[in-house]
Structures are given as C-alpha cells and as structure tokens.
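Understanding the architecture of this molecule
What follows is each chain in one-letter form.
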Amino acid sequence: MVAPSADRTDEKKFMKAALREALKAEAKSEVPVGAVVVCDGKIIARAHNSRTTKCDPTAHAEVLALRKAGAKLGHWNLEGCELYVTKEPCVMCAGAIVLSRIKRVRYGAFDKRFGCGGTVMNLTDNPTFNHRAETEGGLMECECASLLTSFFKERRKK
C-alpha cells in the first residue's frame, strides 16, 4: 500500500465516475462494480461488470476498462495510467492490472473474501513480479461498500 495522493478532489471525481458505472451494472442485475482508467488526468476508459449480460466469466469491470484503454491508446502497455475501481480487484483482475503495467490502483470497498489488492493478498504490488502497481483501498469506501451490500441483500431476498 502507498501513501495517499495529495489531490483527493480528482481522486473523488474519478471514483464517482466509477460509481456511476457500478450503477449501470446494478441496473442490469450485475454485481455493481465500476471502473475507470485515467491517463494524464483524463478518463480514457469506463466499464462495469457484465459477466451475466455477456455470459463471460472474465467480464469484470477492471478487465473491460483495461481492454478499452488499450484500444483507445493503441497498445496494451498502460504504463503511466491509473485505475479507479469501486471494489478491490480479485485475483484475475489483479493479474490483468500487473500485466497491463498500470501505474496505480485506487479502490473503494475492501473484499475480505477475494481481495488481491492488499486484503487477502497483494498481487498488484507484489515485489516478486517485474511490474507492480501502487495500490490503495478505502477511497469513498462507504459509498462503494453500501452499493454492494444493498445489492446482495436484495438478491438474497429473491
């Protein structure tokens, strides 16, 4: 984990954009997770979970956002870009983050069961890999976590 960034205003703006993506997922009965990729202070890609809609187990918000960012930039290497995501990345997403060369990850809700951005393990900032992404959780944690909590409460009722 790294020290917080000096400019929390921009970070909150980017996380709010990720939350808007999470709401799109929720509207489709997908787990409400959203992500944005930021390069040079601008959002270049947005995505939300679409596993059910796309019948694709890899259609997590992070993976979809990384794919869009690569297409936008015309290459796979996202060195210098940052990822904002409403929920801590899982093992698959953490691996994609490392392989994409993302510089920094900021996430909202911690995932005590599957989190690979520092909670269960820290794959994104693991010193054994040739690339590491600075990773910090807890940005707008309450907003991100409450969206997930309410989604799963409703789902259990059904």
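The structure this text deals with has already been given above.
Reference entry: report on the structure contained in this document. All values reported here derive from a predicted model rather than from experimental measurement. (Residues numbered from 1 in each chain as written. Predicted model: local features only at pLDDT ≥ 70, side-chain atom pairs only at ≥ 80, totals over all residues. Heavy atoms only, no water.)

**A short note on a positive patch on the surface**
The test is simple: Patch construction takes residues with relative accessible area above 30% that form no salt bridge. Like charges are linked within 9 Å, and nonpolar side chains (Val, Leu, Ile, Met, Phe, Trp, Tyr) are linked within 5 Å. For the accessible areas, the method is Shrake-Rupley and the probe is 1.4 Å, while residue cover comes only from the protein chains on display. Salt bridge, as applied in this entry: a Lys or Arg side-chain nitrogen positioned within 4 Å of an Asp or Glu carboxyl oxygen. Positive charge is attributed to Lys and Arg, negative charge to Asp and Glu, and no charge count is given to His or to the chain ends. Charge positions are represented by NZ for Lys, CZ for Arg, CG for Asp and CD for Glu. Under the DSSP-based scheme used, a helix requires at least four consecutive residues in state H or I and a strand at least two consecutive residues in state E, with every element numbered from the N terminus. Each residue gets one of three labels from its accessible area relative to the maximum for its type: buried under 20%, exposed over 50%, partly exposed in between, using a 1.4 Å probe on protein chains only.
A grouping of Lys12, Lys16, Arg20 and Arg46 is seen on the molecular surface, where their side chains present a positively charged patch. If one sorts the elements of the positive patch by residue count, helix 1 (residues 8-27) sits on top with 3 residues. Checked against the element boundaries, Lys16 lands in helix 1. Taking relative accessible area as the criterion, Lys16 reaches 45% and is therefore assigned partly exposed.

**Concerning the side chain of Glu88**
Put simply, the rule is: Two N or O atoms form a polar contact when they lie within 3.5 Å of each other; inside protein one atom must be a possible hydrogen donor and the other a possible acceptor, and for residues adjacent in sequence the pair counts only when both atoms belong to side chains. Whether two residues touch is decided by their heavy atoms; if any such pair falls within 4.5 Å, the residues are in contact.
Take Glu88: it is sitting in the loop between strand 3 (82-87) and helix 4 (91-100). An unpaired buried charge is present at Glu88: no salt bridge exists, and Lys87, the closest side chain of opposite charge, is 8.2 Å distant. Polar side-chain contacts of Glu88 include one of 2.9 Å to the backbone nitrogen of Asp111. Excluding its chain neighbours within four sequence positions, the residues that come into contact with Glu88 are Glu62, Tyr107, Ala109, Phe110, Asp111, Gly115, Cys116, Gly117, Gly118 and Thr119.

**Quick notes on the nonpolar core**
Applicable threshold: Joining through side-chain atoms within 4.5 Å is the link that ties buried Ala, Val, Leu, Ile, Met, Phe, Trp, Tyr and Cys residues into a set, and such a set is a nonpolar core.
Residues Val37, Ile44, Cys81, Leu83, Ile97, Ile102 and Val105 are the most contacted members of the largest nonpolar core, which totals 39 residues. Every element with two or more residues in this core is listed here: helix 1, strand 1 (34-39), strand 2 (42-48), helix 3 (61-73), strand 3, strand 4 (104-109) and helix 5 (141-157). Broken down by element, the residue count for this core peaks at 6 residues, all from helix 1. The residues contacting Ile44, other than those within four sequence positions of it, are Val37, Cys39, Ala69, Lys72, Leu73 and Cys81.

Purely geometric numbers; function is a separate question.
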